[in-house]
Amino acid sequence: MPETKVPPLFNELSTQLEPTEDLIQTPLHIKGQHAFLLYVKSVVEGDKLQQTVIRPFFEMASEESFASYIQSLPNQTKIPDKKELLINISSGFVLIAIRENHFLLDISLVSNNEVQDTMVEPTVHGPQKGISEDIDTTLNLIRQRYRKPSLKIETIMADDNTNRTIALLYDDERIDPDMLKQVKDRLDELDAPLIQAAGDLQHFINKRKFTLFPSTLITERPDRIVYNLNNGKVVIAIDGSPDVIIAPVIFFDFMSSMEDNYHVFSVTAFTIFLRYTGLFICLLLPSLYVAMTSYNPDILRLELALTVAGGRIGVPYPSFIEVFGMLFFMELLTEASMRLPKAVSGTATTVGGLILGTAATEAALTSTIMVIIISAVAISTFVIPINEMSFAIRVIRLFLIVYTALFGMVGLLVGFIGLVMLLANKESLGVPYLRIPWVNKNEELRMDKR
Amino acid sequence: MSRFLFYLILINMLANMVALTPRILILGRDSGTVLSLILALPVGMAITYIIISLFTHFPGQGLPEILREHTPKWIATPILLFFSLCWYFAGLTILIIYTFIIIRLITPDMSIYTIVLTFIIVITYGIVMTTRNILYLSEVILIMTVPFIAFILIKGYFSPELNWDYVRIAAMHINQFPSYRSFSTLLYFVMGAANLVIFNRYFTNLKKPTRKSMVLLTLISTFIVLTTYFLPIGFGGFEALDNVLYPWILTSDSMRMKYGIIERVVFVFIGTFLALAVLSMTIIWHVSLQLLSSVIHFKHLKWRKYNLTTPLLIVCFWAIALYITKKITIHGLYKSVRVFDDFFLPIIVFVLIGCLLLAKKGAASKCRKLKKG
């Protein structure tokens, strides 16, 4: 029986891939029929390979029928150029050679494809499952919920060192083509050594290094994804990340929870009111305390002004140091309870809360009112539904306190307007950040076009 | 009419409601303010209508572009320079009057420099924003302030301290010959549409105002103008307001929120109108800066790849502002504003309309030539 030679492509590829323990290059032969397989064992699903490739080979009558069988498999793909071929093999493709013909099958083993619970944006009603870390499962979840032929999915190989798949999803009928082109350009220009998650990718898409507010939204909720697709936005998913990026966004997207759509009007209106009140409280209350105690106690009604001043008796430093100190410890507490394992974080919050709450006032290091303000601020920070925005607000309010400490009540007001200016001057892929979504959007857009 | 244009007009009115206008009006209360009120409103609305409909012929073009296209340079440059200085002055008056109000009422022990410094950072950022984003900014700020304004006005109109007899006395002076001073002050008050000289760059689809929008605008302006004049008189009396520098501050200080955390309405009032003042200054100085930088451009003043003309102009803006704010007295401010309203405002209106008419004629003849050729 003449020994059939290993195809030259195989030798070339295996020399490039070696030395790898899990690289497998096996010949199959029975009764003068020959085939060669090349794959990386750790990323290929062994059972499926056995079922769909190896067993049929031994059952087939001839090489020709095996070749046509392989060709008819749904996971068979075209053979790309060598560089991409290597990437494909290392991500779980199997290269098959039958005589001079080569076939490439996708039999990759994916172990992170379970659907995750919604952890970051939980709701009472609405879907309880998020999306998956595996991009195919994610795409499947989205397609299952958005059954329209106009939903387009384009996949792009990220040009970084890990060669992840990035998928671009949009509704062809609803999207603004200019915006789509802008997104694609940004993705093409992507020049980063390592992209690991949606959060990462977002920074590279935004291009700017120093930003205070997020200009794309990261979400894990499939209902939010579908809602935004339906409103003509682009969704960018990256393999290995349990979140997707939604762009473009406006400020008010960050203030909306998906649950707003699932309740009756009165409840929704009330929660939205709560949310915006919370936003203003956590942004303004610390600065207001500084302004009211150090600059203009006369603004408050007399009784209240006396109470505030009386509470501060014995506090040995000016109010802005008090505010900064307490805010600092509050932020430490928040950060600690976020990073700690769940078993310990309870203790941390209790101890921290007790110390901040009782001991500090008894030692006359802060006033009681300050403690109330700080806890009100801490609670209302968590009311903002999208985490990134509440993080941004946490940073922003420090600037506002500085401005107030310098310029008093007027500083607070003017600084707040400056903040609104910062927001108004921001753009997310050409869409003004503070655009108020009124009804007659079309007319307004025409004004926007230059 | 685009809602953003509406905002421009509205903001100009609201920011001046507290500033100098009420005092000038009230000083002329027994020499013909009432009739000037009645006259100035239709005239102002007519001028607004004319300016907007003239600008509809030049979609997406500001005055600098229009002039460059249709007039020789020796006409365009002085006009733009003159306009830019006028706009600068208009913004400066707002800065000065609010600085005075702040030093009088909120932080009396702060130096004038510190107060102006409060504005410098924010407004500098504001005037270099893009024109479009300023429009969005104005929308958001209006949404945030209008509830407060409505609250104060409702409280004012339903307050038991408001004495309608004084209002009636003031209205009885309708039979006097209108005074030019009140008339021109009011004209400035409703002249927000003139900001189109720059803001038209972003109205690519400006339409002639419809009858509905004109009626709405007229109603709103009438309400604001009448409130500006009559409400302080209703609170302070017809005779006694002679020595009051800020009639509206006095008016709002006459109101009290019995159960509120903040008892004196005046602080809510100042806060609200301060926000509008910052916004108005941003708009006006943005126009001024854009006009000026369309005339003055130093090609070689460069640092790395940034041209430094605009920063230099802004530094000049603030240096002059600081100097004047420190030097000027409230009396001097009133005097110069009167001169501005009496002489420069009509010139601005005539020159603006004249330029636009000429440019329109030029554009039409060019068009005809193109068709013939």
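These numbers were taken from a predicted model, which means no experiment stands behind them.

Description of the sheet that holds strand β2 (residues 33–40) of chain A
All names here are of chain A.
Thought 1: If you trace the five strands from one edge of the open sheet to the other, you get β1-β2-β4-β5-β3, paired in antiparallel fashion. The sheet terminates laterally at β1 (23–30) and β3 (76–77), the two strands that pair on one side only.
Thought 2: With three bridges connecting them, β2 and strand β4 (residues 93–98) associate as antiparallel partners. Counted as the bridge partner of Leu-37 is Ile-96 from β4.

Side note on the environment of Ile249(B)
Residues and elements named next belong to chain B.
Thought 1: Inspection of the secondary structure assignment puts Ile-249 in helix α12 (residues 247–253).
Thought 2: Between the C-alpha atoms of Ile-249 and Ile-47, which are 202 residues apart in sequence, the distance is 30 Å.
Thought 3: Not counting chain neighbours up to four residues away, the residues in contact with Ile-249 comprise Val-18, Ile-101, Leu-105, Val-266, Phe-269 and Ile-270.

Observations concerning the pattern of salt bridges
Residues and elements named next belong to chain A.
Thought 1: Applying the stated criterion to the full structure yields 24 salt bridges over all chains.
Thought 2: Between Arg-221 and Asp-223 there is a salt bridge; the shortest N-O distance is 3.0 Å. The pair formed by Arg-221 and Asp-223 is uniform in burial state, with each residue classed as buried.
Thought 3: A cluster of three or more residues bridged by salt bridges with shared partners is formed by Glu-331, Glu-335, Arg-339, Arg-394 and Arg-397.

Focus: the interface of chain A and chain B
Thought 1: On the chain B side, the residues contacting the 40 residues of chain A number 46 residues.
Thought 2: Carbon and sulfur atoms supply 66% of the area that chain A and chain B bury against each other, a total of about 3,800 Å² over both sides.
Thought 3: At the boundary of chain A and chain B, one finds one salt bridge.
Thought 4: Residue Glu427(A) is joined to Arg132(B) by a salt bridge in which the shortest nitrogen-to-oxygen separation is 2.4 Å.

Focus on the confidence of the model for chain A
Residue and element names in this part refer to chain A.
Thought 1: Residue-level pLDDT values for chain A average 83, and 96% of them are 70 or greater.
Thought 2: Ranking the elements of chain A by mean pLDDT puts helix α16 (residues 441–448) last, at 43, and helix α10 (residues 265–295) first, at 92.
Thought 3: Counting contacts from residues 439–450, a segment whose pLDDT is below 50, to residues more than four positions away or on other chains yields 22 contacts.

A few points about the sheet that holds strand β10 (residues 217–219) of chain A
Residues and elements named next belong to chain A.
Thought 1: Spatially, β8-β9-β11-β12-β10 is the arrangement adopted by the five strands of the open sheet, whose pairing is antiparallel. Taken across any chain shown, the strands that pair with only one partner, and hence form the sheet edges, are β8 (151–157) and β10. Mean inter-strand twist for the sheet, computed between neighbouring axes without regard to direction, equals 25°.
Thought 2: Judged from the four bridges that link them, strand β11 (residues 234–238) and strand β12 (residues 244–247) form a sheet pairing that is antiparallel. From the neighbouring strand, Ala-237 faces β12, where its bridge partner is Val-244.

Parameters and conventions
- Throughout, residues of each chain are indexed from 1 in the direction in which the sequence is written.
- Each chain is given a letter, starting from A, and each ligand a number, starting from 1, according to the order in which they appear as written.
- In keeping with the predicted nature of the model, local features appear solely for residues at pLDDT of at least 70, side-chain atom pairs appear and are counted solely at 80 or more, and the whole-chain, interface and lining totals rest on all residues.
- Excluding hydrogens and water, the side-chain values take into account all heavy atoms of the structure.
- Paired strands are those between which DSSP finds at least two bridges.
- Working definition: helices are DSSP H or I runs of at least four residues, strands are E runs of at least two. Numbering for both runs from the N terminus.
- Contact between two residues is taken to exist if any of their heavy atoms lie within 4.5 Å; hydrogens are not considered.
- Salt bridges are defined as contacts in which a side-chain nitrogen from Lys or Arg sits within 4 Å of a carboxyl oxygen from Asp or Glu.
- Only protein chains enter the accessibility calculation, which uses a 1.4 Å probe; a residue whose area is less than 20% of its type maximum is buried, one above 50% is exposed, and one in between is partly exposed.
- Two parts placed together each lose some accessible area; with a 1.4 Å probe, that loss summed over both constitutes the buried area.
- As a per-residue quantity, pLDDT reports the predictor's confidence and falls between 0 and 100.
- Every angle, taken between N-to-C directions, lies between 0 and 180 degrees, and every axis is a line fitted to C-alpha atoms, over only the stretch in contact when it is a helix.

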